[in-house]
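# A look at the structure
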Amino acid sequence: MGEKFPTPTLLIVIFFILSRLISTIGYSLRDDPESIRLASSDYGHILRENPAAVLYPTSIDEISSLIKFSNLISTPFSIAARGHGHSTMGQAMAPNGVVVDMMSLKNHHPSHASGIVVNTFNLSVNNNNYYADVGGGQLWIDVLHATLEHGLAPVAWTDYLYLTVGGTLSNAGISGSAFRFGPQISNVYEMDVVTGQGDFVTCSPQNNSDLFFGVLGGLGQFGIITRARIALEPAPKRVKWVRMLYNDFSAYARDQERLISVNGRKQSNALDYLEGSLLINQGSPNNWRSSFFPQSTYSRIISLVTKHGIIYSLEVAKYYDQHTETTVDKELELLLKGLSFLPGFVFEKDVAYVEFLNRVKSGEEKLQSQGQWDVPHPWLNLFVPKSRISDFDAGVLKGILLKRNITTAPVLLYPMNRTKWDDRMSAVVPEEEVFYTVGFLHSSGFDEWEALEEQNKEILKFCAGVGIEIKQYLPYYKTQQGWMNHFGSKWKTFQKRKALFDPKKILSPGQRIFNK
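Residues numbered from 1 in each chain as written. Predicted model: local features only at pLDDT ≥ 70, side-chain atom pairs only at ≥ 80, totals over all residues. Heavy atoms only, no water.

For the record, the criterion: UniProt positions are given in the numbering used here, feature names are shortened, and annotations may be inferred rather than shown by experiment.
Per an unreviewed UniProt entry, the recorded name for the protein chain is cytokinin dehydrogenase, and the organism is Prunus armeniaca. In its Cofactor (unreviewed entry) section, the UniProt record describing the protein chain reads: "FAD". Check the Catalytic activity (unreviewed entry) section of the UniProt entry for the protein chain; it says "N(6)-dimethylallyladenine + A + H2O = 3-methyl-2-butenal + adenine + AH2".

Below, the structure is given as structure tokens:
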């Protein structure tokens, strides 16, 4: 892993600038070794970039002042907002610049100009529409617990809840609920944003809409989210959670696509969650991400995997409360009737709602206890058009994965509906109405991640070679041409918004979109 250091001359210039800045915004700007170390890496543990300093803001004004100061000087320094640092390829880093630790705002209570408290939870009801105003540095797990106190919960989730609101909204925020409720960016009513010029702007689909739609899925390029007004709904109490196994990919894909076709937000007979994953020859059928299968079934499942090479797991959930507990089983039975899963390989759990949403946490704790959490994570997340998903299965899953035989991590594969995404936003998905998300969630030793990264490159090369028009989720490209290809028809709009809201290209240099 390469580590880059600024030249001595540049260090002198940077710290001269920062010494002036300290007198302007106070002593929440730090350059001690521990602060630098923590901000120089991320969950990926592949890239390492040292900032010159880290801002631990106690108010939004400090963030604004920092950005305005950078704009004023002849050679602006770069600035990156960092939430929980869960990026994998340095997206929240600012080489030789300043990293803003957004989670520092969790312990302070600055107010929005209109009087709305932005770093506690201000829950409101308006014409029967529930929403919460939450700080951009808040973790989703904290949002969950705070809203549950009022009998409510956010509509859209990610699988892992220890991520910040601003972080997931800057990408998209997806999980098994996206087929029905859309990504998290489709469930935001309003935001407060500090732009790349240091301006504090409240934006919504009706007001300052170009900023609103640009920031959602905008990879941090146009502004820093300090408050988001997110959609809520009455919270269920429990979850019927079912997994079914398949050895035939066509049947597996057909059943998934049938289930997500029932996707109206108000449809009581729709599923609340659908995800799929692979079981490969990797020992226990359960992995760090989720423990589901009873140990008594391990030998039967392992025999299936050994025989077929890959087994496909379909995972669905239906929420219920005291009003629907007498009907949930019948509704689930009707939804699953006629599916083509393997007889004898259907498994069910009944769990509390919070336990279901926070299901990945136990896996994290397990890996941490084994020293396998703070290791390299050469992840690859893709969106694949429905029309080519069979080709992807044959060439990548049954081809590259089985041939290399080095994947021991979770591999997710499940469909979404494009109509649940708003094309005005910066996030990019395939053009087809149904597309699949495929996630290769690798973990490795510090001396082994290169082999997995080579596999990722082979997957991308294969898709390009056979004309599968994939889009990367949590994208990473080394060239601007790569980014231009990624955004496609949205590139000109993306450029225009950058020139409008961050003309000096100060924000989010770690994305490497506009770097010289």
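Resuming the write-up.
## Notes on the packing of helix α13 (residues 389–404) against helix α14 (residues 449–466)
Condition: What counts as an axis is a line fitted to C-alpha atoms, over the stretch in contact for a helix, and the angles between N-to-C directions run from 0 to 180 degrees. Secondary structure elements follow DSSP: runs of H or I of four or more residues count as helices, runs of E of two or more count as strands, with numbering from the N terminus. For classification purposes, angles smaller than 35 degrees are called roughly parallel, those larger than 145 roughly antiparallel, those between 65 and 115 roughly perpendicular, and all remaining angles oblique. The crossing is said to be left-handed when, going from far helix to near helix, the turn is anticlockwise and less than a right angle, and right-handed when the turn is clockwise. Contacts are assigned to residue pairs with any non-hydrogen atoms lying within 4.5 Å of each other. The residue classification treats Ala, Val, Leu, Ile, Met, Phe, Trp, Tyr, Cys and Pro as nonpolar and Asp, Glu, Lys and Arg as charged. All others, Gly included, are polar.
Where α13 meets α14, the axes come as close as 11 Å, and the angle between the chain directions of the two elements is 155°. One way to sum up the angle between α13 and α14 is to call them roughly antiparallel. By crossing handedness, the relation of α13 to α14 is classed as right-handed. Here Asp-391, Phe-392, Gly-395, Val-396, Ile-400, Leu-401, Lys-403 and Arg-404 of α13 lie close against α14, whose contacting residues are Ala-451, Glu-454, Gln-455, Glu-458, Ile-459, Phe-462 and Cys-463. Here the contact of α13 with α14 is built from residues that sort into eight nonpolar, two polar and five charged.

## Observations regarding the side chain of Thr-158
Using the following cut-off: In this scheme, a residue with accessible area under 20% of its type's maximum is buried, one over 50% is exposed, and one in between is partly exposed, where area comes from a 1.4 Å probe on protein chains only. As used in this structure description, the phrase polar contact means that two N or O atoms lie within 3.5 Å; if the pair is within protein, one of them must be able to donate a hydrogen and the other to accept it, and residues adjacent in sequence are counted only when both atoms belong to side chains.
Tracing the sequence through the fold places Thr-158 in the loop between β9 (152–154) and α5 (165–169). Thr-158 gets classed as buried once you look at its relative accessible area, which sits at 9%. A polar contact of 2.6 Å, which involves the side chain of Thr-158, links it to the backbone oxygen of Tyr-160. Every residue in contact with Thr-158, bar those within four places of it in the chain, is listed here: Leu-163, Thr-168, Gly-173, Ile-174, Ser-175 and Gln-184.

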